[in-house]
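This is what each chain is made of:
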Amino acid sequence: MAEGIHDGSSDWCTIESDPGVFTSLIESFGVRNVEVTELWSLDDDSLASLVRPMDGVDDASVHGLIFLFKWQKEGTGAAANNNNNNNSNSNATAEDDATPETGTGTAPLTGDDVPPNLFFAHQVVTNACATQAILSVLFNAPRSIPHPESDDDTTNANTNVNAAIDDHSGRHLLLGPLLTSFRAFSRHFPPSLLGEAIGSSEEIRAAHNSFGRADDAFLHDPTSRRRRDRREGEDEDVFHFVAFVPHGEDGCLYELDGLKAGPVRVGRYRDGGDGAENRNSQTESNSAYAKETLTWLHLAKTAIQTRLSHYPPAEIKFNLLAVTQDRRTYLSSHLDSLVAMGLEESDPAMLHVREELLAEENKRELWQVENERRRWNYLPFCVELLRSLAGSGKLEELVEGVRGRVREREERRKKNHVRE
C-alpha cells in the first residue's frame with residue numbers, strides 16, 4: 001500500500017455474496033425499486049429472463065452485474081481469479097503494485113479518456129470491494145432518479161419521488177437522500193479521492209458493517225502457535241468484486257474494478273455515437289431498452305467467459321449477481337392492469353399474480369431472518385454445548401449413534417447400487 005493511504009481494513013468487515021444480503025444492503029442505503037438476483041448460468045435463456053421475467057413484462061430494468069472471483073497479483077498464473085461466497089472481499093488496494101487480470105485484455109482508461117459522468121472509484125480500503133461494486137452499479141444505472149432536494153420544499157420533494165414511482169412502474173431506481181447527497185458532493189473527485197470518500201463515509205460503512213458476522217477470539221487467537229504456523233505456511237485466498245455497467249451517454253459497457261487504474265471498456269452495445277441528447281429528449285422506447293440490455297448482457301457474458309477460460313475446468317468458485325428491478329413493482333403493476341380490465345378476484349390470472357406477489361414477500365421475510373442469523377455468532381454456543389455433553393457423558397454415545405446411521409445409509413446405498 002502506498003505511503004499516506006489510510007488502511008481502514010479493521011473498520012470494514014467481510015460480507016457474504018448473497019442476493020438477500022446485497023438487496024438488504026442496497027435498501028439500507030435508502031435505494032428503492034431494486035433487488036439482487038443470482039445467476040446460475042450464462043445461457044441465453046437466463047439472460048433473457050432478466051429482461052423478460054414474466055408474460056406481459058418485456059423491459060424489466062437490469063442495472064448492472066456484479067462478479068466475484070479469487071484475486072491474485074498479475075503474473076502469478078492464469079488461475080488468478082476464483083470466488084467464494086463466504087470470504088468475499090479483497091484485501092488488496094488500488095495502491096498495490098499489481099492488478100488482477102481482466103476478461104477483455106483491454107487497458108484501463110485514465111485521465112481524459114474516461115467518459116464524463118462515469119462513476120469510478122479506486123479501492124483504497126480493504127474489505128470494501130462489495131460495497132464499491134454495488135455503488136458502481138447504482139451510480140451508473142441509466143434508469144436512476146436522484147432524490148429531490150428537500151431543504152426548501154419537503155412536501156413537493158416527496159410528491160416528486162412518489163410520482164416517479166407511479167410513472168415508471170418501478171423501472172427506475174430511486175437513489176434516496178444518502179447516495180444522492182454523496183454523489184453530488186463527490187461528483188468531481190478523482191478516482192483515488194472518491195475511494196477515500198467512500199471509505200470515510202460513516203453512513204456507508206455502518207450499513208456495510210451491519211451485515212458482517214461478529215468475529216470470535218476462538219478463531220482468531222494470534223497467540224495460537226498452530227494457527228500462526230498454518231497461516232504462515234499457506235497462501236490465504238483473497239476474493240474480489242467487480243461491476244459490469246452500461247453507460248447510457250456513450251452506449252458502451254464498462255468493467256469497473258477499484259484495483260485498476262481506471263474503467264475498462266468492454267464493448268459498445270449501441271451504435272451511432274453517444275446519442276445522449278436524443279435519448280434524453282424523447283420518451284425512451286421500451287423495446288429499444290430491452291434490446292440494448294440484452295446486447296450489453298451478452299458483452300458481459302463474453303468478458304466473463306474469457307476470464308473463466310483461464311481456470312481449470314473443475315473450478316466452480318465463482319459468483320455472478322444481477323442488480324435488477326424489484327420484482328414486486330412489475331407484479332403490482334401487472335395486477336393493477338388486470339383489475340383495470342375488470343377481472344374477478346377468482347380469475348386464474350389474478351390468482352397467479354397474487355401468488356407471485358405473496359412468494360416475493362415471503363422471500364423478503366426469509367432474507368430478513370437469514371440476515372439476522374448471519375449477524376449472530378453461534379460458535380460459543382456450539383463449544384459450550386459440546387462441553388456440556390462431554391461433561392455429562394453423552395457426547396460419545398451421540399457420536400457413535402451418528403456413525404452407526406452413516407454406516408447404515410452407506411450399506412443401503414451399496415445395496416441399491418448392486419440392484420441397479
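Structure: see above.
We now turn to the structure provided with this report. None of the values given here were measured: they were computed from a predicted structure.

### Comments concerning the packing of helix α1 (residues 19-28) against helix α12 (residues 348-375)
For the pair α1 and α12, interaxial distance at closest approach is 9 Å and the crossing angle is 95°. With respect to each other, α1 and α12 are oriented roughly perpendicular. Judged by residue contacts, P19, G20, V21, T23, S24 and E27 of α1 engage R364, W367, N371 and R374 from α12. Tallied by class, residues from the contact of α1 with α12 come to 3 nonpolar, 4 polar and 3 charged.

### Re the packing of helix α2 (residues 44-51) against helix α10 (residues 286-308)
Relative to each other, α2 and α10 sit at 140°, their axes nearing to 10 Å. Considering their axes alone, α2 and α10 lie oblique with respect to each other. Remark: the crossing between α2 and α10 carries right-handed chirality. Along its contact with α2, which presents D44, L47, A48, L50 and V51, the element α10 presents A290, T293, L294, L297, H298 and K301.

### A few points about the nonpolar core
Core analysis: the largest hydrophobic core is formed by 49 residues, its most contacted members being F22, F29 and I66. Broken down by element, the residue count for this core peaks at 8 residues, all from helix α3 (residues 129-140). Filtering out sequence-adjacent residues up to four positions away, F22 remains in contact with I15, E16, S17, V36, I66, A130, I134, F241 and L321. In this structure, L65, F244, L253 and A303 belong to the second largest nonpolar core, which totals 25 residues.

### Comments concerning the sheet that holds strand β2 (residues 62-71)
Two strands in a sheet stick together by hydrogen bonds in their backbones, pointing the same way (parallel) or opposite ways (antiparallel). As summarised here, the arrangement of the 6 strands in space is β1-β8-β2-β5-β6-β7, forming an open sheet in which the pairing is antiparallel. For this open sheet the edge positions go to β1 (34-39) and β7 (264-268), each flanked by a neighbour on one side alone. Neighbour-to-neighbour, the strand axes of this sheet turn through a mean angle of 25°, independent of strand direction. Pairing analysis gives 5 bridges linking strand β5 (residues 238-247) to strand β6 (residues 252-256), with the strands arranged antiparallel.

### Quick notes on unusual backbone geometry
Residues other than glycine seldom take positive phi values, yet N33 does so here, at roughly 70°. When you line up the elements, N33 lands in the loop between α1 and β1. With relative accessibility at 10%, the residue N33 sits in the buried group. Phi at N117 takes a positive value of approximately 70°, unusual for a residue other than glycine. The topology assignment puts N117 in the loop between β2 and α3.

### Quick word on α2
One turn of an α-helix holds 3.6 residues; hence residues three or four places apart share an orientation. Three or more residues of α2 are buried, namely S46, L47, L50 and V51. Considered in projection along α2, the buried side chains sweep an arc of 145° and stay on one side of the axis. Here the buried face of α2 lies against β1, β2, α10 and β8 (319-325). The N-cap of α2, judged by a side-chain oxygen 3.0 Å from the amide nitrogen of D45 a few residues on, is D43.

### A few points about helix α5 (residues 176-186)
Listing the buried residues of α5 in full gives G176, L179, T180, F182, R183 and S186. Taken end-on, α5 shows its buried residues confined to a sector of 165°, consistent with a single buried face. The exposed set on the far side of α5, more than 90 degrees from its buried face, consists of P177, A184 and F185.

### Describing the packing of aromatic side chains
Where two aromatic rings form a pair, the distance of their centres and the angle of their planes describe that pair. The tally for this structure, following the rule as stated, stands at 6 aromatic pairs. Between F67 and F69, the ring centres sit 5.7 Å apart and the planes meet at 25°, which makes this aromatic pair stacked. The class of F67 is buried, set by a relative accessible area of 2%. Classification of F69 as buried rests on a relative accessible area of 0%. One cation-aromatic arrangement involves R307 over F69; the distance from NZ or CZ to the ring centre is 4.3 Å.

### A short note on the environment of R354
Its place among the elements puts R354 in helix α12. Separated by 23 residues in sequence, R354 and L331 have C-alpha atoms that sit 8.2 Å apart. In this structure, R354 is in contact with L335 and E345, ignoring residues within four places of it in sequence. Engagement of the side chain of R354 in a polar contact is seen with the side chain of E345, the distance being 2.8 Å.

What counts and what doesn't
- Residues numbered from 1 in each chain as written.
- Predicted model: local features only at pLDDT ≥ 70, side-chain atom pairs only at ≥ 80, totals over all residues.
- Heavy atoms only, no water.
- Axes fitted to C-alpha atoms, helices over the stretch in contact; angles between N-to-C directions.
- Helix = DSSP H or I, 4+ residues; strand = E, 2+ residues; numbered from the N terminus.
- Parallel < 35°, antiparallel > 145°, perpendicular 65-115°, else oblique.
- Contact = heavy atoms within 4.5 Å.
- Nonpolar A, V, L, I, M, F, W, Y, C, P; charged D, E, K, R; others polar.
- Left-handed = near helix turned anticlockwise from the far one by under 90°.
- Core = buried A, V, L, I, M, F, W, Y, C linked by side-chain atoms within 4.5 Å.
- Buried < 20%, exposed > 50% of the residue type's maximum accessible area, 1.4 Å probe, protein only.
- Pairing = 2+ DSSP bridges.
- Arc of directions from axis to C-beta.
- Polar contact = N/O pair within 3.5 Å; in protein donor to acceptor, adjacent residues only side chain to side chain.
- Phe/Tyr/Trp six-rings, centres within 6.5 Å; stacked < 30°, edge-to-face > 60°.
- Lys NZ or Arg CZ within 6 Å of the ring centre and 35° of its normal.

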